[in-house]
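# Inside the fold
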Amino acid sequence: MTHLILSQDGHAGVMTLNRPEALNALSIEMVQKMSEALDKWRDDEAIKLVIIRSSSERAFCAGGDVREAVSLIKEVSDDGARAYFTAEYGFDRRLATFPKPVVALVDGVVMGGGFGVARLADFMVISSQIKMAMPETAIGLFPDVGASYFLRRAPFAVALMMGMTGTIVGAGDACAWHLADMHCNADHFDALARALSQAETDEQVRTTLSAYESAPPPAEMAHKLGLIEDIFNQDSLQNICDAARRAQDDSHGANWAAALEERCPSSIGAFWYMMRHLDVPQTAAQAIERDFFLACKMTARPDFVEGVRAVLLDKDNQPHWSPRAISEITDEGLADLFDFAGITPLPE
Ligand code: QUE
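Computed from a predicted model, the values in this text were never measured in an experiment.

What follows concerns the overall build of the protein chain. For the protein chain, the helix and strand inventory stands at 16 helices and nine strands. Scaling as 2.2 N^0.38, a compact globule of 348 residues should have a C-alpha radius of gyration of about 20 Å, and the protein chain matches this with 20 Å. With the principal axes as the frame, the protein chain shows a C-alpha extent of 55 × 45 × 35 Å. A sequence separation of at least 24 residues applies to 74% of the contacts in the protein chain between residues at least 6 apart. Entry remark: accessible area of the protein chain is about 14400 Å², with carbon and sulfur atoms responsible for 48%. Each charge sign in the protein chain was given a centre, from 30 positive and 50 negative side chains, and these centres are 2 Å apart.

This is the structure we're talking about:
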């Protein structure tokens with residue numbers, strides 16, 4: 001079975017993710033094929049836009065194939081994950097800088113590296129059934145693929161909440177927080193793709209999209225922005241954890257407090273530090289290039305292999321993190337994670 005189907009429909013180059021048994025998790029082979037397709041379509045005058053979608057209503061894409069990254073570390077070398085991230089982020093950067101309109105049609109699970117693919121497109125169209133998250137703090141990684149850039153479309157406290165806790169967001173909140181561009185009934189995705197394939201100009205892409213837009217379902221968390229700000233706009237990691245614990249009478253507050261206790265302390269700290277202390281990336285490509293350095297550092301630490309073991313391989317959900325708790329995370333330790341001396345950048 002081919003995990004990526006490439007086709008040309010009218011003026012559109014279409015990529016259909018087709019690995020439903022792994023919720024379309026992105027293997028090196030899939031992202032390399034996607035990169036080759038973009039390189040070909042960039043210079044092909046007959047192609048006026050690109051559409052990215054899934055063959056399955058269960059998932060747009062669950063993320064990077066972190067199982068593959070871990071087997072490279074175990075079988076090749078400590079920096080074996082570098083090959084994985086070179087392929088994945090190389091595609092992400094191509095996508096973010098592609099000169100023709102890219103439309104992602106998103107239904108079902110859209111998480112991690114899959115959220116990246118959807119959001120690095122120019123137009124992210126979502127169905128009412130999406131489950132959207134950046135879940136990497138559960139596996140000792142960090143919200144990558146440019147998340148420190150694109151999550152800022154939402155209020156800052158929401159970006160921190162999503163990145164630190166991996167909270168799953170539905171279509172209503174995704175629209176309310178400007179994380180997606182528009183809602184369209186998934187039953188209309190085929191007709192929308194067909195209509196888009198007839199568009200010859202950027203303007204026609206826009207008007208076609210507008211014609212298929214419909215009201216999203218009600219937001220579930222957006223009315224809790226005040227609570228989210230009270231918790232996540234604290235000036236230290238420990239104060240965020242304490243504020244979440246004080247909010248446990250709220251169902252979301254209880255989930256955030258639990259996530260901050262259970263997920264990887266270094267991953268949570270890394271994202272918080274990146275958002276609070278480092279320069280704001282000016283472009284998605286800049287964010288992806290910084291993420292490459294941090295991914296090389298984070299995947300050379302034991303937490304990544306341990307997190308993938310606990311969540312995806314053994315599925316015992318009992319990871320042993322080191323450091324074990326956020327109370328053990330120091331600013332000096334976090335600053336060390338962002339010392340990129342000696343790491344070769346993401347290749348051109
Ligand atoms: C955090 C993640 C990922 C995850 C779970 C997390 C991730 C990812 C997958 C995944 C899911 C289903 C599959 C698969 C991978 O799960 O990035 O191969 O079949 O790809 O808690 O970052």
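This model, assessed by the stated rule, comprises eight aromatic pairs. Between the aromatic rings of Tyr84 and Phe85, the centroid separation amounts to 5.5 Å while the plane-to-plane angle is 90°, which identifies the pairing as edge-to-face. Plain terms: the ring middles of Phe85 and Tyr89 are 5.2 Å apart, the flat faces sit at 50° to each other, and that makes the pair tilted. In this pair, Phe85 and Tyr89 are both assigned in helix α3 (residues 81–96), four residues apart and thus about one turn of the helix distant. For the pair shown, Phe85 and Tyr89 are each scored as buried.

Following the sequence through the fold, Thr283 ends up in the loop between α13 (265–277) and α14 (284–299). A C-alpha to C-alpha distance of 19 Å links Thr283 and Phe338, two positions 55 residues apart in sequence. For Thr283, the side chain forms a polar contact with the main-chain nitrogen of Gln286, separated by 3.0 Å.

Quick look at the packing of helix α8 (residues 189–196) against helix α9 (residues 202–211) now. Interaxial distance between α8 and α9 falls to 10 Å at its minimum, and their mutual angle equals 160°. As summarised for this structure, α8 and α9 are arranged roughly antiparallel, according to the angle between their axes. Both α8 and α9 take part in a crossing whose hand is right-handed. Note on element contacts: α9 touches α8 through Val205, Thr208 and Leu209, opposite Leu192, Ala195 and Leu196. The class makeup of the residues in the contact of α8 with α9 is five nonpolar, one polar and no charged.

The next thing to look at is a negative patch on the surface. Residues Asp331, Glu332, Asp336 and Asp339 make up a contiguous surface patch of negative charge. In this fold, Asp336 is placed in helix α16 (residues 331–337).

Read across the open sheet, the six strands follow the order β1-β2-β3-β5-β7-β9; overall the sheet is mixed. A strand with exactly one partner marks an edge of an open sheet, and here the two such strands are β1 (4–9) and β9 (182–183). Together, β3 (49–54), β5 (102–106) and β7 (123–126) form the strand contacts of α8, whose direction differs from that of β3 by roughly 165°.

Sheet architecture is open: three strands sit in the order β4-β6-β8, paired in parallel fashion. Only two strands of the sheet have a single partner each, and these edge strands are β4 (59–61) and β8 (131–133). Each strand axis lies, on average, 15° off the axis of its neighbour in the sheet, ignoring direction. Both β4 and strand β6 (residues 109–111) contribute to a ladder of two bridges, which runs parallel. Within β6, the position partnered with Cys61 by the bridge is Val110. In this fold helix α4 (residues 113–120) packs onto β4, β6 and β8, with an angle of close to 90° to the strand it touches most, β6.

Okay, unusual backbone geometry next. The amide bond that connects Ser322 to the next residue, Pro323, takes the cis arrangement and shows omega of -5°. If you trace the backbone, Pro323 turns up in the loop between α15 (302–313) and α16. Phi at Val145 is positive, roughly 45°, even though this residue is not glycine. Tracing the sequence through the fold places Val145 in the loop between β8 and α5 (147–150). When its relative accessible area of 0% is taken as the criterion, Val145 is described as buried. Unlike most non-glycine residues, Lys315 shows phi in positive territory, near 55°. Note that Lys315 resides in the loop between α15 and α16. On the basis of relative accessible area, Lys315 is assigned to the exposed category, the value being 51%.

Thresholds, definitions, all that
- Residues numbered from 1 in each chain as written.
- Predicted model: local features only at pLDDT ≥ 70, side-chain atom pairs only at ≥ 80, totals over all residues.
- Heavy atoms only, no water.
- Helix = DSSP H or I, 4+ residues; strand = E, 2+ residues; numbered from the N terminus.
- Rg over C-alpha atoms; globule rule 2.2 N^0.38 Å.
- Contact = heavy atoms within 4.5 Å.
- Areas by Shrake-Rupley, 256 points an atom, 1.4 Å probe, with all protein chains shown as cover.
- Lys, Arg positive; Asp, Glu negative; His and termini not counted.
- Charge placed at Lys NZ, Arg CZ, Asp CG, Glu CD.
- Phe/Tyr/Trp six-rings, centres within 6.5 Å; stacked < 30°, edge-to-face > 60°.
- Buried < 20%, exposed > 50% of the residue type's maximum accessible area, 1.4 Å probe, protein only.
- Polar contact = N/O pair within 3.5 Å; in protein donor to acceptor, adjacent residues only side chain to side chain.
- Axes fitted to C-alpha atoms, helices over the stretch in contact; angles between N-to-C directions.
- Parallel < 35°, antiparallel > 145°, perpendicular 65-115°, else oblique.
- Left-handed = near helix turned anticlockwise from the far one by under 90°.
- Nonpolar A, V, L, I, M, F, W, Y, C, P; charged D, E, K, R; others polar.
- Patch = residues over 30% accessible without salt bridge, like charges linked within 9 Å, V, L, I, M, F, W, Y side chains within 5 Å.
- Salt bridge = Lys/Arg side-chain N within 4 Å of Asp/Glu carboxyl O.
- Pairing = 2+ DSSP bridges.

That is the geometry; function is a separate question.
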